[in-house]
Amino acid sequence: MEKGARPNWDNPMQFLLACISYAVGLGNVWRFPYLCQMHGGGGFLIPYLLMLFLEGMPLFYLELAIGQRMRLGSIGAWTAISPYLGGVGLAGVVTSLYLCLYYNIINAWSFWYLFHSFQSALPWADCPINSNRTGPVEECEMATPTQYFFYRETLDISSSIEENGDIHTGQALCLLLAWVITYLFIIRGIKSTGKVVYFTATFPYVVLFIYLIRGITLHGAINGVKYMFTPKMEQLANPTTWINAATQIFFSLGLGFGSLIAFASYNQYNNNIEFQAIIVSLINSGTSIFASFVTFAIYGFKATINYENCLERTRLLLLNAFNLAEDSVTIDSVFEWIEKLNTTYPQQFDIIANKLENCDLESELNTAVEGTGLAFIVYSEAIKYMPLPQLWSVLYFIMLLLLGLGSMLGNITAIITPLQDFKVASRMSNELFSGLVCLFCLLLGLGFTTSSGNYWFTMFNDYGATLSLLVVVLIEVITVSYIYGIKRFEKDIEDMLGHRPNWYWKIMWAGTSPLLLIVLLISYIINYIQGGAPTYQAWNIELGRSVVMEYPIFGQVFIGLLLVSSISCIPITALYVYCKKRNDGNHHKRQYSISTVCV
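Since we're looking at a predicted model, the values are computed, not measured.

**Q** Looking at this structure, how should I read unusual backbone geometry?
**A** Most peptide bonds adopt trans geometry, and most residues besides glycine take a negative phi value. In the Ramachandran plot, arginine 133 falls in the positive-phi region, its phi being about 60° despite a non-glycine side chain. Secondary-structure assignment places arginine 133 in the loop between helix 6 (86–116) and helix 7 (138–142). Classification of arginine 133 by relative accessible area gives exposed; the value is 65%. Its identity is not glycine, yet asparagine 323 carries a phi of approximately 50°, on the positive side. Here asparagine 323 shows up in the loop between helix 15 (273–322) and helix 16 (334–344). On the basis of relative accessibility, which here comes to 71%, the residue asparagine 323 falls in the exposed class.

Following this line, the structure appears as structure tokens:
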């Protein structure tokens, strides 16, 4: 293909913002803070930043270089390197399809919460009244108002994956809205995407900064910030800490899907991708740390509120049990009074001993939550305690929407760009082809809006991408280093940038990054095997909380299909190319034999 035959970004800034908008997503807000909480607070930053330079940045640069050099989508780029490797790009497209199917349902939930934020009282602030009008709904009282609103009002969730139900009309309409906006963002290809990223890549930082100012002024926020920056160095001896750090870097940058190759394929041939790879990688990791600071401030506020509410309940229990004066026991003196009363009135104290709660601020801070639980339950619970909660709710869910929609631009581009390199798709207008892809994903995604849809969402989220992406990126780096050839790759970069990559990049591509990927792949397989039958969190309506359940047989079979369906594209494509070449060779031999006989 001629260097000028492909449309280009209007300027390098558009490409940079597109990469930032894609890489900086929901995982930076709801996954990284959870890992910090699980693996020693600030101590987790040591393996995280180390893995950024050993794995994340080199692989990010590699994918951008491939896209810019080949000026094709993932399938075409890898086919150009070797026809046998077309399946690597196809595997990325299939994985991106799985991601698109369920990722927009998160945006649908964000729309749902955003629309419900424009009320005089947030609907998740208190439990709804039961049908008899005699008190709150019992299930909500056993859970919390935020949990009840998410599981019962938003999801209308069933008790297990085996219990199917109708489509949730409200969620289906929100999903339709999410896909309509996604389509409008990509309707004219990079011409429209290039304009949208100016907003999707920058506005979330405005909201995060506003939340930072508000967060650090909240009561008890300092407790969360101290917790984050107090390193537990003993966690560095835990192999899981290092594996999770490497995995977070890997997925946070969006490697393996083909989005980066697609974005880079629209660059000018001499665009400085080395500088941009470094900038985007550092901004992505910096955003994770920045978002964690905000999140832990919110954590500290919520934990302090829960802790003080626990102390207040204990104070009232002591006042009533021992007929003490109202102002004799304060929240600050609760523990002193417990010790004093236990010593002075041991028999009377034994009567209420089993009613006393264990109020501990450290335990509240240690309660780790990730994913939708953090985004839609923990944050929502903290927001309802803030002054003007509707304002903070609107700002928060707009930020989530922009993060989610920004990532969707990369996800859908990873599907559309490689397919448009084929003649069949290239004959269609960009508007028509993009519309068909979005419609296809919308129709399949409606399954996630049923009462059991959240369990299928969890299945796709847990098993739809991890294994395939590890395999895809491992093959990518091995192919570039040892099949295409590191020296040949160096010359390609020199042709584009005017200089060869330095020793750091070559060592990472040829040795360190492949070894790390092999370790991650082996660790994933071992953990999957040792984990036994796969399980999921099911909402128990009678208990008002989540319980662990094993996936039924059909669920386990589907998980197996998710794991192998995208990876199988690699050997199947290679086998197809081999058979095709062999048949073409036999055909040429027969033609040669016939011509010889005729002579």
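**Q** Please clarify how the packing of aromatic side chains should be interpreted in this entry.
**A** Describing an aromatic ring pair means giving the distance of the ring centres and the angle of the ring planes. The full count for this structure, using the stated rule, is 46 aromatic pairs. The positively charged end of lysine 340 is found above the aromatic ring belonging to tryptophan 337, 4.5 Å away from the centroid.

**Q** Mind showing me how you'd approach helix 16 here?
**A** Buried residues of helix 16: Val334, Trp337, Ile338 and Leu341, and no others. Taken end-on, helix 16 shows its buried residues confined to a sector of 105°, consistent with a single buried face. Projecting away from the buried face of helix 16 at angles above 90 degrees are the exposed residues Glu336, Glu339 and Thr343.

**Q** How should I be thinking about the packing of helix 20 (residues 389–420) against helix 22 (residues 430–445) in this particular structure?
**A** Following both chains from N to C, one finds helix 20 and helix 22 inclined at 130°, their axes separated by 11 Å at the closest point. With respect to their mutual orientation, helix 20 and helix 22 come out oblique. The crossing of helix 20 and helix 22 is right-handed. Judged by residue contacts, Ile412, Ile415, Ile416, Leu419 and Gln420 of helix 20 engage Asn430, Phe433, Ser434 and Val437 from helix 22. Grouping the constituent residues of the contact of helix 20 with helix 22 by class yields 6 nonpolar, 3 polar and no charged.

Thresholds applied
- Residues numbered from 1 in each chain as written.
- Predicted model: local features only at pLDDT ≥ 70, side-chain atom pairs only at ≥ 80, totals over all residues.
- Heavy atoms only, no water.
- Helix = DSSP H or I, 4+ residues; strand = E, 2+ residues; numbered from the N terminus.
- Buried < 20%, exposed > 50% of the residue type's maximum accessible area, 1.4 Å probe, protein only.
- Phe/Tyr/Trp six-rings, centres within 6.5 Å; stacked < 30°, edge-to-face > 60°.
- Lys NZ or Arg CZ within 6 Å of the ring centre and 35° of its normal.
- Arc of directions from axis to C-beta.
- Axes fitted to C-alpha atoms, helices over the stretch in contact; angles between N-to-C directions.
- Parallel < 35°, antiparallel > 145°, perpendicular 65-115°, else oblique.
- Left-handed = near helix turned anticlockwise from the far one by under 90°.
- Contact = heavy atoms within 4.5 Å.
- Nonpolar A, V, L, I, M, F, W, Y, C, P; charged D, E, K, R; others polar.

The values are spatial; any link to function lies outside them.
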